[in-house]
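Structural overview for review
Residue-level listing of the chains:
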Amino acid sequence: MLRRKQEYIEYTQDAKNIANSEECLQAHSSKLESLEDSIKAQELLVPVIGGFSAGKSSLLNSFLGVDILKVGIAPETAIATELRYSSEEKIEAIKDDERVDVFGIDKLEYIKDNAQNYSYIKLYLNNQKLKEIEPIVLVDMPGFNAPISTHNKAILKYMPSGVYFIVLMSAADERVIQNTLLKELRVIKEREKDFTFCISKTEMISESDVKEIIQSAKETLEVECGYEKNIELMKHENSGDILSKILKNIDWEKIFEDIFKPSLEFSKIEMDSSINTALKTLKSSEEESNNAISVINSDIQKLQNAISGNIQANLGIYTNFISNVNSYVESILSRIENDITAQSYLLATQALKGGNIEKSINDIIVPVMQLEVERNLSGLQNAITNNIKSEISTFGFDAASIKTWANALNDVTQKSAQMSKKIMEDEFMKTMATNNPKVGLYAIIAEFVLEIFSVITEFFATKKKEEVAKEKIENEIVPSIKIQLRPKIEYFFIEQGKVLYENMLNTIKEQLEQKQKEVEEAKKLKVQNINNVEVKILALQAASGDLQRLAEKIQLKAISYNV
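Some remarks on the sheet that holds strand β4 (residues 100-103)
An order of β4-β3-β5-β2-β6-β1-β7-β8-β9 is seen for the 9 strands of this open sheet, with the pairing classed as mixed. The open sheet has two free edges, formed respectively by β4 and β9 (232-233), since each of these has just one partner strand. Relative to strand β6 (residues 136-140), strand β2 (residues 81-85) runs antiparallel, the two being bridged by 3 bridges. Note on β6: the bridge partner recorded for L83 is L138.

Points about unusual backbone geometry
The residue after E134, namely P135, is reached through a cis peptide bond having omega 10°. Counting through the fold element by element, P135 comes out in the loop between α5 (128-133) and β6. The phi dihedral of E98 is positive, around 75°, even though this residue is not glycine. Taking relative accessible area as the criterion, E98 reaches 53% and is therefore assigned exposed.

Some details on the packing of aromatic side chains
Scanning the model with the defined rule gives 6 aromatic pairs in all. Ring geometry for F103 versus Y110: centroids 6.0 Å apart, planes at 55°, classification tilted. Residue classification places Y110 among the partly exposed positions, given a relative accessible area of 45%. Aromatic pair Y120 and Y158: ring centres 6.2 Å apart, planes at 90°, arrangement edge-to-face. Highlighted residues: Y120 in strand β5 (residues 120-125) and Y158 in helix α6 (residues 148-161), separated in sequence by 38 residues. Of the two residues, Y120 and Y158, neither departs from the other in class, the shared state being buried. Clustering of aromatic rings is evident, with ring pairs tying together Y8, F256 and F260. The ring of Y120 has K157 sitting right over it, with the charged end atom 4.3 Å from the ring centre. Looking at K157, its charged tip hangs above the ring of Y158, at a distance of 5.3 Å from the centre.

So, how was this worked out
Residues numbered from 1 in each chain as written. Predicted model: local features only at pLDDT ≥ 70, side-chain atom pairs only at ≥ 80, totals over all residues. Heavy atoms only, no water. Pairing = 2+ DSSP bridges. Helix = DSSP H or I, 4+ residues; strand = E, 2+ residues; numbered from the N terminus. Buried < 20%, exposed > 50% of the residue type's maximum accessible area, 1.4 Å probe, protein only. Phe/Tyr/Trp six-rings, centres within 6.5 Å; stacked < 30°, edge-to-face > 60°. Lys NZ or Arg CZ within 6 Å of the ring centre and 35° of its normal.

That is the geometry; function is a separate question.
Structure (structure tokens):
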């Protein structure tokens, strides 16, 4: 088990003991329980990505020491495969609706042949290598030329949830990094994640050719991704050992820390705030305590009015938000337009040769949509949080601690990889994930493919056919795609903005109600222990000190309160 994982589990268990020892903290016990469960269950997904025949399955077979994954399969049978340790060997095939079919591992080929029926599979093997790397889960990803629906399912699931990536390029098949792979690498870096780049099948070409490929890859990766690590060279006989070395050199402790540290700091802030409220009440007169409750009630009413009333009339957020929506939409559409236009000549050439232009345009749009939606929702989250923090600064009770809490909440939400999931499940992304020539964007692209040859015939005498196709992509296909996407993206952001806004208000309302409850309980406690108030104050101060010492052990940020 990772050291950080063990430390975080121990922290939540010790913090639960503190919470259960004091009345004002008992409400936090269940939250700590949930956090502990999340820490115990957390896996570190490591997708292995690359083009078709890059050697992904061969690499993983070499690492496992057994040929379990079929190599050289047709793109149509490719499906994302998670490799997991278990003493009971089996396959879990997960459908789009999350239903699970269970098979013996002898049915792996059957599942691959029916890949279109599943979203991904979990392959459980009684393998010592998989046991040794837990909680790391390697994922054999479909090649970039897999069918659109398979490729999209894998990209949408594993690009946000992967914590590190192993990237393969076949020296036997490619001399330079292909645009499709390069787009994925840019997305990885823009998500502030990392990867190791490997060149496979180096035994199949000359040493001088290998050197040329390395030099080209180094230059491309440095310019496009800021990549400065070594490029790993793999031969069939040593690839598994090299993968073992790569995995050993990754700082998994830091990766695990980045996932949970914001949540742990958030939990400590909440507990500190509850202790602070109880201490203030115990030290206050009855009149001061009643005044505090009155202020809380007033603040709760303000928030209730904001939640139940017309959003446009509250806090001025909605007006600002609407003006920002257009910029969010334009940002996404502009990025899509620029990326397609930058490759319009290649797309035109591909179309003229009968290539799968639908797949190529899909491969441009999906990563952009995923990354840009996540980025812009993150900006929207920040805007809403800042507006609400500004508003609660006018509240009378403990506004400073609530603002600190709101900051911590924002940190937690920014770490969530689910930020873009909803839009990927929206109807237009479902359309993108289906290869239906009669639906949405595919209707546009399919119509282009049918028309292009008649257009070429008409203009053949005066223009190069590639230029005709290129101009049609830029002047007709791209605007049509933007027209299709604009209302869907706009609608999503407006609806999601309302949800974010209302959820933040409701969450802060719950925090205020918790404060109200804490003050009232502290008042009762004061009455019941009228002769032992000082003893109770000392006990709460001791609990605060114990919590702080626990936090220092795992290097959480120190939050100070003046009581």
